[in-house]
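# Architecture at a glance
Chain residues, written in single-letter form:
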Amino acid sequence: MTWIVRNLWLIPALPALAAALSALTKQRNRRFASSLAIGSMALAFLLSLVAFAHALSSIGLSEREVLNFPWLQFGTEWLKLGWMLDPLTAVMLVMVTFVGLLIFIYSTGYMDHDENFTRFFCFLSLFAAAMLGVVIANSLLLLFMCWELVGLTSYLLIGFWYQKPSAAAAAKKAFITTRIGDLAFLLGMVWLYSQTGALLFYDQGAGCLENSAIATLVAHTTIAGMTVSTGIAILIFSGAIGKSGQVPLHVWLPDAMEGPTPVSALIHAATMVAAGVFLVARVYPLMSAGSAAHSTLASTPALQVVTWIGAITAVFAALIAVAQDDIKRILAYSTVSQLGYMMLGLGVGGVAVGMFHLITHAFFKALLFLGAGSVIHGCREEQDIHRMGGLRRYMPITFATYAIGMLALCGFPLFFSGFWSKDAILHAAVDWSYSRLPFYLAAFAALLTALYMTRQVYYVFLGERRATTAHEPAHTEDAGHLHECVLNDPHESPAVMTGPLVILAAFAILLGFIGTPAWPWFENFLHSETTSFNFAGFFENGIPLVMLTSTLIVFCGLGLGWWFYGRKPIVSAEAPDALEKLQPQIFNILRHKFYVDEFYQATFIRVNTWLSHLSDWFDRWIWNGVVWIVSHLILALSWLARSTDTYIVNAGFDEGCESVTAGGKLLARLQNGRTQSYVRLVGVAFTALVALLIWSVSR
Amino acid sequence: MTSLTSCILLSSLLFVIGLAGALTRRNAILVLIGIELMLNAANLNFIAFWRYHPHSETLTGFIFVIFSIGIAAAEAAVGLALIISLYRHTRTANIDEVISMRG
Amino acid sequence: MLFTTFAILTVAGAVAAMSFRNLVHSVLALIAAFAGLAAIYLQLGAQFIGLAQVLVYIGAVAILIVFAILLTRDKKVAQQTVSFSSWKLNGVVALAVFAVIAWAIFQSPTLQHEILPEPQVSMQQVGNALMLRYALPLEIIGLLLTAALIGAVTIAISEKYEKHERRERE
């Protein structure tokens, strides 16, 4: 076992240490806190690179290396935790630490004016630690613990500006919604433990993802003929649904944009939401349990569920994104949609397909979010795209990098990473043996993606600047009053913010080339195989057709976008949307996010409220009555006991005491102090004694 | 009729007279006198039993009476000193008034 | 016959001593009783004891009692000595005691002795017994008498004098 495997724990431990230290730091020590966080993250990144290099060097030698240790004992069993290093972990480690590092650096610029700067970096470091813990965990339990930590830090960071009621509400919503999924996850975990007695993933044949455990799970069936493995897999996937914002638990993710933009970029675009996808990838052997032996395209009921949920989410969120006005909300729904893509990829194509999109998406979505943050920062906290426009002149670097990110997200052919990863998913979906529908849904979502991104770019960067409140005082300090901010002098962000943008943009382009059909390095790496360049890969299995289709779709989307938003320049911020003019009713439905929140409000929350009223009523009248009766019974009992004490026990004692006292007094009368009476008594006693003696002798 | 029985009868009579006096009289000195009489009755008993014992040459009862008289002298001295001391404390020799031993 | 005379004298003296109202008369009656008793001792062949009785009781104890009477005498005492305290009850008790003792005497079989010759006790015998066989008790009696003497003085010493002496010492 090499050094890096033994010390893999250092990677999450470093940010955790930074979080602990900055939690103890005073709010004034800004530089200390930020350099602590960035330094720990840089070290973690370096260690991750070492781990990655180790994983690279062991391609073809060993699939994974694990280190387990006993954690706590209950009964006769030891509960073990552990970590592992396999290609999946290595890739995720590098992605999380690298994106995290860039976002940390960006945050020093973005959060510069915030008074809780130190707290922010404390939370960010804690988040990074938890996320890295999720990545390296070799135990479902350890993964779950870190998973919950991630949820906690997400809550803390969404509600970072807790003075804003909307932020506080969003944090609460995110926390509660993901808890619903996590409950199912916990149930799945417990079920798994009860079936296999193992929570370690890999433990020299005894782990829960290894053949013997999987065989046990497949062999048993539960309700409706479902195998146990399917049931557990779906429960665990429910956790992923919550965390990754899949339908129907997606509602929290757009609201989470209330947090600071770097948080949105790091947590709600690049890493945390990817944790759900990562989880599915991690327990993939469980998901695919029972399928035909080791075929990558094999599908099981669990994977079908994953596929359908992913496909529906992809379209659903993309539709909503078309009609949003808030720059970050568009990106949020885009994230939901892309996460659906990843799930779809996992469902139809296996780990490599889904994870490839996860990695590329992490980079370009982080880029887009940071770009959006740069725009918001430059426009003094303005988030409504109707009030922007023409920013390309004021923020050239932001515009250029944003455009790259946008093209990558749309899947612009050949030169952008999104094209290759999305293409892999589409290709897998075409080949899916059960239904073609997921492919059509995915294609439609790709079209919509191109459309809404074009719309956003037109609104924000192109055209003329639209300032409705042109000449108000420039520097409003209060960030809460979003609409009072002024647009008259948007400015480019400082280098500390644009630098990460540029680096991310470079990766948004370059990363695509590690997973082309001709050189599927990424997929082989995850399967721990070597790769050789094979240009003919482009022409196998109908790949050209799929590539052509997706290219067409992208161009259609871009063209539609231009048709609606670019053809005529948008002049006024109050002017209705082009699509709104075309189909006001549908657009309205989309703008209101299919009324999902309202639907939940009217159903689950109302039922919940009604139930709470019911239980309140029960508490008040039934249980309270029972408690009242019991308490009065006890009162009566105690009254009885007290009466017994007072009138029987005490009276008895008093009586006894009095008789003793009286007897004492009687005897004391004998003891009258007169010696003569004592002597008299002696005389009487003597007489009696002698009389007795004589009597007894004479008898 | 100088017999053992008559001696003992005399002795017991003396004892009872002393006892009656000690019980009845209130003056501490008279009580003491009663006690002396009882002591003398005991002495008479010793002498009588010595006199009518077959081995009177051992002188047991005889010597005992000598010691008894010595003790009686000591007792009288201490008892009278006590009475004087009591009288000095309470200004009375009436033992009915000395009831500090009352329970 | 002689014994009966002396016995009557003794009992009469004792009864008188216990019943006279005047303390001095009582002491005089007591002396008579003691004298009768001494005569009985002489008659019983215990000359030494009889003489010792005269010396100690009549010569010392009776005189001591007279001194005590003189020292504790006042009007109050004189008045209160006359009264008897529940003499009936006490008399009954005393009579009961006498009754049981007399009963015991008459019941006892050991008292039926043959008449023995009067024992001859010389002073030498008594001296030998005291100085040889009973030397240790004699010494103890001497010590006891000394202790009683000191104790009597200590008890009866005047508190005023005590205080005065203490003040002087300090």
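Residues numbered from 1 in each chain as written. Chains lettered and ligands numbered in written order. Predicted model: local features only at pLDDT ≥ 70, side-chain atom pairs only at ≥ 80, totals over all residues.

### Quick look at the overall build of chain B
In plain terms, the rule: Numbering of helices and strands runs from the N terminus; a helix is a DSSP stretch of H or I covering at least four residues, while a strand is a stretch of E covering at least two. Comment: burial labels come from other C-beta atoms within 10 Å of the residue's own C-beta, placed from the backbone, where a count of 20 or more is buried, 12 or fewer is exposed, and between is partly exposed. C-beta atoms are first placed from the backbone for all residues, and any pair lying within 7 Å is then listed as a contact.
Counting its secondary structure elements, chain B contains 3 helices and 0 strands. The buried share among the 103 residues of chain B stands at 61%. Of the contacts made within chain B by residues no fewer than 6 positions apart, 50% connect residues no fewer than 24 positions apart.

### Examining the interface of chain C and chain B
Selection rule: Only Asp, Glu, Lys and Arg are considered charged in this grouping, and only Ala, Val, Leu, Ile, Met, Phe, Trp, Tyr, Cys and Pro are considered nonpolar; every other residue, Gly among them, is considered polar.
Taken together, the contact pairs 68 residues of chain C with 62 residues of chain B. Within the residue set of the side of chain C that touches chain B, elements represented by two or more residues are helix H1 (2-19), helix H2 (23-43), helix H3 (47-71), helix H4 (75-80), helix H5 (87-107), helix H6 (123-133) and helix H7 (135-156) of chain C. Partitioning the side of chain C that touches chain B into residue classes produces 52 nonpolar, 14 polar and 2 charged.

### So, the packing of helix H4 (residues 87-110) of chain A against helix H20 (residues 495-510) of chain A
Residues and elements named next belong to chain A. Stated precisely, the cut-off is as follows: Between N-to-C directions, angles cover 0 to 180 degrees, with each direction set by a line fitted to C-alpha atoms, over the stretch in contact for helices. Roughly parallel refers to an angle under 35 degrees, roughly antiparallel to one over 145, roughly perpendicular to one between 65 and 115, and oblique to any angle outside these ranges. It is the rotation of the near helix from the far one that decides the hand of a crossing: anticlockwise by less than a right angle makes it left-handed, clockwise makes it right-handed.
For the pair H4 and H20, interaxial distance at closest approach is 7 Å and the crossing angle is 155°. In this view, H4 runs roughly antiparallel relative to H20, as classed from their interaxial angle. Judged by the sense of rotation from one axis to the other, the crossing of H4 with H20 is left-handed. Residues Leu 102, Ile 103, Ile 105, Tyr 106, Thr 108, Gly 109 and Tyr 110 of H4 lie in contact with H20, whose contacting residues are Val 496, Met 497, Gly 499, Pro 500, Ile 503 and Leu 504. Here the residues of the contact of H4 with H20 are counted per class, giving 10 nonpolar, 3 polar and no charged.

### With respect to the environment of Ala 270 of chain A
Residues and elements named next belong to chain A. By secondary structure assignment, the location of Ala 270 is in helix H11 (residues 261-270). Linking Ala 270 and Leu 367, residues 97 residues apart in sequence, is a C-alpha distance of 9.4 Å. Residues contacting Ala 270, with those up to four places away along its chain left out, are Val 99, Ala 265, Ala 362, Lys 365 and Ala 366.

### A closer look at unusual backbone geometry
Residues Val 247 of chain A and Pro 248 of chain A are joined by a peptide bond in cis, for which omega reads 10°. Unlike most non-glycine residues, Leu 59 of chain B shows phi in positive territory, near 65°. Tracing the backbone through its elements, the reader meets Leu 59 of chain B in the loop between helix H2 (28-51) and helix H3 (60-90). Residue class for Leu 59 of chain B comes out buried when judged on the 22 C-beta atoms lying within 10 Å of it.

### Observations concerning the nonpolar core
Spelled out, the test is: Any set of buried Ala, Val, Leu, Ile, Met, Phe, Trp, Tyr and Cys residues joined through C-beta atoms within 7 Å is what this text calls a nonpolar core.
The biggest cluster of nonpolar side chains holds 220 residues, and the ones touching the most others in it are Val 280, Ala 366 and Ala 442 of chain A. Other than its neighbours up to four places away in sequence, Ala 442 of chain A contacts Ala 311, Ala 314, Tyr 341, Leu 344, Ile 425, Leu 426 and Ala 429 of chain A. In this structure, Ala 41, Leu 59 and Leu 80 of chain B together with Tyr 41 of chain C belong to the second largest nonpolar core, which totals 79 residues.

### Quick notes on the packing of H3 of chain B against H3 of chain C
Put simply, H3 of chain B and H3 of chain C touch, their axes get as near as 10 Å, and they point 5° apart. Viewed along their axes, H3 of chain B and H3 of chain C adopt a mutual orientation that is roughly parallel. Contacts between H3 of chain B and H3 of chain C involve Phe 62, Val 65, Ile 66, Ile 69, Ala 73, Ala 76, Ala 77, Leu 80, Ile 83 and Ile 84 of chain B from the first element and Ile 49, Ala 52, Val 56, Ala 60, Val 61, Leu 64, Ile 65, Ala 68 and Leu 71 of chain C from the second. Tallied by class, residues from the contact of H3 of chain B with H3 of chain C come to 19 nonpolar, no polar and no charged.

### Brief notes about the confidence of the model for chain B
As a reminder of what qualifies: One confidence number per residue, pLDDT, is output by the predictor and ranges from 0 to 100.
Here chain B averages 86 in pLDDT, and 95% of its residues register 70 or above. Considering each helix and strand of chain B separately, the mean pLDDT is smallest for H3 of chain B, with a value of 89, and largest for H2 of chain B, with 91.

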